[in-house]
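What follows is the residue order along each chain.
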Amino acid sequence: MPTEQRHAPSGAPDSPDSRETTGSGEERAVRRSGWAALRPLVLRLHFYAGVLIAPFLLLAAVTGLLYAASFQVEKAVYAHELSVPVGKAERPLSQQVADARKAHPKGKIAAVRPAPRPGDTTRVLLSGVPGVSADHQLAVFVDPYTGNVRGALETYGSTGALPLRTWLDSLHRDLHLGEIGRLYSELAASWLWVVAAGGLALWTGRSRRNRKLRALALPDRTATGRRRTLSWHGAVGLWAAVGLVFLSATGLTWSAYAGANIGELRESLGQATPTVSTAVAEHHAGHGGPSGMPGMPGMDDAKGNRSGGSAPADVGIDKVLRTARAQGLSNPVEIGPPTDRGTAYVVKQVQRSWPEKQDALAVDPATGKVTDVSRFADHPVLAKLTRYGIDLHTGTLFGLANQIALAALALALIFLILWGYRMWWQRRPTRDRGLSFGRPIPRGAWRRVPLPVLIPLVPAVGVVGWLVPLLGISLVAFLAVDIALGALSRRRRTPATAVD
């Protein structure tokens, strides 16, 4: 059994040659400063990530690659539901909703998305439909020119993901394991920025010695063996590092634990995303029930019965849409019905591609007047950056170009991890021709860090560990295991003392 843990691969540039590290027996008498003092600690941290985090990163990269391709595949697979021949004129939106309800009377109307472009279908979103998950909706696709229903599919999320993309999204997010599975993706996102930033520092740090930073940006094709692998690993990692850090940061914004902390921090700073108020005046109370839109002229209730206009309850969805258009809410928009008595329609723009369209307003169903407005231009800076970051991470902000960039980053991460494993194998002792692992990275690196650097570093790591809990918990666990193994290793090397 080996007495030391072995160096493992990760998703960022690997350690340099073994001659650049020193064991405890060769520790220098004079404490080094600056990067020279921090470098062994970064190497050791890189080791931690390679041991247990690289497999999670590999899963995230493979599933992320599949998700990046799902947008274009979705358009082809569901072309019949998504598109129709362009007609002469569109039917009133209320009639399109009624056509959808005749075909699918069960459930309640959760929202309506009018056809955003000529040739697109209108989506009528139903909630509470038997056989559909509570967090999903049934999207009924209606030809806006003829009223024919083109089909119905489950949909999920604000981007309207259809079954194929929804399945891949869940695979990437939680491996179809629910809340427990989300720990895998959050753990990967929590460590990805550490691995990428640390690897970038290790790789570019080499230029401080040999003054060949430009050479580090391209692989050395003349190298052989481990040096060739390291060259490819480092050069690709150099180009991908910024993108990987970005994916890590944006992925954490809607994770379970770190995401909650980030949300609380934004709220405490007054940077939360604004929402429109749906409350309306008391004159609306007692009017036709809103859940499922019964009592609204031109709409159908949950049983598919046509509602009349006798009750002075509702101006109707056509009037609400015209009001939104007059307020500058252009396509694509989503219209949500009142959720109960005394609440308003909510009309919001749902364009997640550049330029973002995220304006929203509330409309009193009794009077048709706007009761509240939220303009994306007025959102706090962090709220805007969060929106941009999430949409860039999911591949919607810049369309196909965005998706190609995400696929390239996913492929880069996959190859970085595989190259890391290869270097781990190539670092094994040459005398050992059997199954063996790479040479160890020595312990005790933190003891060589100068106190002026170590003292602020410890609380900084503590703050990061609190903000990103899975990073903090796993780091403490790694340290505990490493300390225990180190103690066991020293105990085995210490000769037994004879006892009389």
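Residues numbered from 1 in each chain as written. Predicted model: local features only at pLDDT ≥ 70, side-chain atom pairs only at ≥ 80, totals over all residues. Heavy atoms only, no water.

Undergrad: Would you mind showing me how to read the overall build of the protein chain here?
TA: Summing up its helical and strand segments, the protein chain has 15 helices and eight strands in all. Counting only residues that meet the buried cut, the protein chain has 48% of its 500 residues in that class. Put simply, of all contacts in the protein chain between residues at least 6 apart along the chain, 65% involve residues at least 24 apart. Surface summary for the protein chain: the accessible area is close to 24800 Å², and the carbon and sulfur share equals 62%. (Helix = DSSP H or I, 4+ residues; strand = E, 2+ residues; numbered from the N terminus. Buried < 20%, exposed > 50% of the residue type's maximum accessible area, 1.4 Å probe, protein only. Contact = heavy atoms within 4.5 Å. Areas by Shrake-Rupley, 256 points an atom, 1.4 Å probe, with all protein chains shown as cover.)

Undergrad: Help me out: how do you make sense of the packing of helix α1 (residues 35-52) against helix α6 (residues 179-205) in this one?
TA: Helix-helix packing: each pair is described by the crossing angle between the helix axes and the interaxial distance. At a minimum axis separation of 10 Å, α1 and α6 run at an interaxial angle of 135°. Relative to α6, the element α1 is oriented oblique. α1 and α6 meet at a crossing whose hand is left-handed. Contact with α1, carried on its side by Trp35, Arg39, Val42, Leu43, Leu45, His46 and Ala49, involves Trp191, Val194, Val195, Gly198, Gly199, Ala201, Leu202 and Gly205 of α6 and no other residues of that element. Counted by class, the contact of α1 with α6 contains ten nonpolar, four polar and one charged residues. (Axes fitted to C-alpha atoms, helices over the stretch in contact; angles between N-to-C directions. Parallel < 35°, antiparallel > 145°, perpendicular 65-115°, else oblique. Left-handed = near helix turned anticlockwise from the far one by under 90°. Nonpolar A, V, L, I, M, F, W, Y, C, P; charged D, E, K, R; others polar.)

Undergrad: Looking at this structure, I do not really get unusual backbone geometry. What am I missing?
TA: Excluding glycine, most residues fall at negative phi; most peptide bonds, likewise, are trans. The linkage connecting Asn331 with the following residue, Pro332, adopts the cis geometry, with an omega of -5°. On the secondary structure map, Pro332 appears in the loop between α11 (317-326) and β5 (333-336).

Undergrad: For this particular structure, what's the right way to read the side chain of Thr396?
TA: Along the chain, Thr396 falls in the loop between α12 (381-394) and α13 (399-426). Judged by relative accessible area, Thr396 falls into the buried class, the value being 11%. In contact with Thr396, other than residues within four places in its own chain, are Phe71, Thr159, Arg352, Ser353, Asp391 and Asn402.

Undergrad: Quick question: what am I supposed to make of the nonpolar core here?
TA: The nonpolar side chains of soluble globular proteins are, as a tendency, buried together. With 37 residues, the main nonpolar core has Ile53, Leu57, Trp191, Leu192, Leu244 and Leu413 as its most contacted residues. For this core, the secondary structure elements donating two or more residues are α1, α2 (54-77), α6, α9 (225-252), α13 and α15 (469-493). Counting residues in hydrophobic clusters, the runner-up holds 23 residues, among them Ala100, Leu138, Val320 and Val363. (Core = buried A, V, L, I, M, F, W, Y, C linked by side-chain atoms within 4.5 Å.)

Undergrad: Sorry if this is basic, but what is going on with the packing of helix α5 (residues 163-174) against α6 here?
TA: Running from amino to carboxyl end, α5 crosses α6 at an angle of 70°, the nearest separation of the two axes being 6 Å. The angle between α5 and α6 falls in the class roughly perpendicular. On the side of α5, the interface is formed by Leu171, His172, Arg173 and Asp174, while α6 contributes Gly181, Arg182, Tyr184 and Ser185. Class assignment for the residues of the contact of α5 with α6 results in two nonpolar, three polar and three charged.

Undergrad: Would you mind going over the environment of His172 with me for this structure?
TA: Within the secondary structure, His172 is located in helix α5. For the pair His172 and Tyr184, spaced twelve residues apart in sequence, the C-alpha to C-alpha distance is 9.5 Å. Other than its neighbours up to four places away in sequence, His172 contacts Ala60, Thr63, Gly64, Tyr184 and Ser185. At 3.3 Å, the side chain of His172 forms a polar contact with the backbone nitrogen of Gly64. (Polar contact = N/O pair within 3.5 Å; in protein donor to acceptor, adjacent residues only side chain to side chain.)

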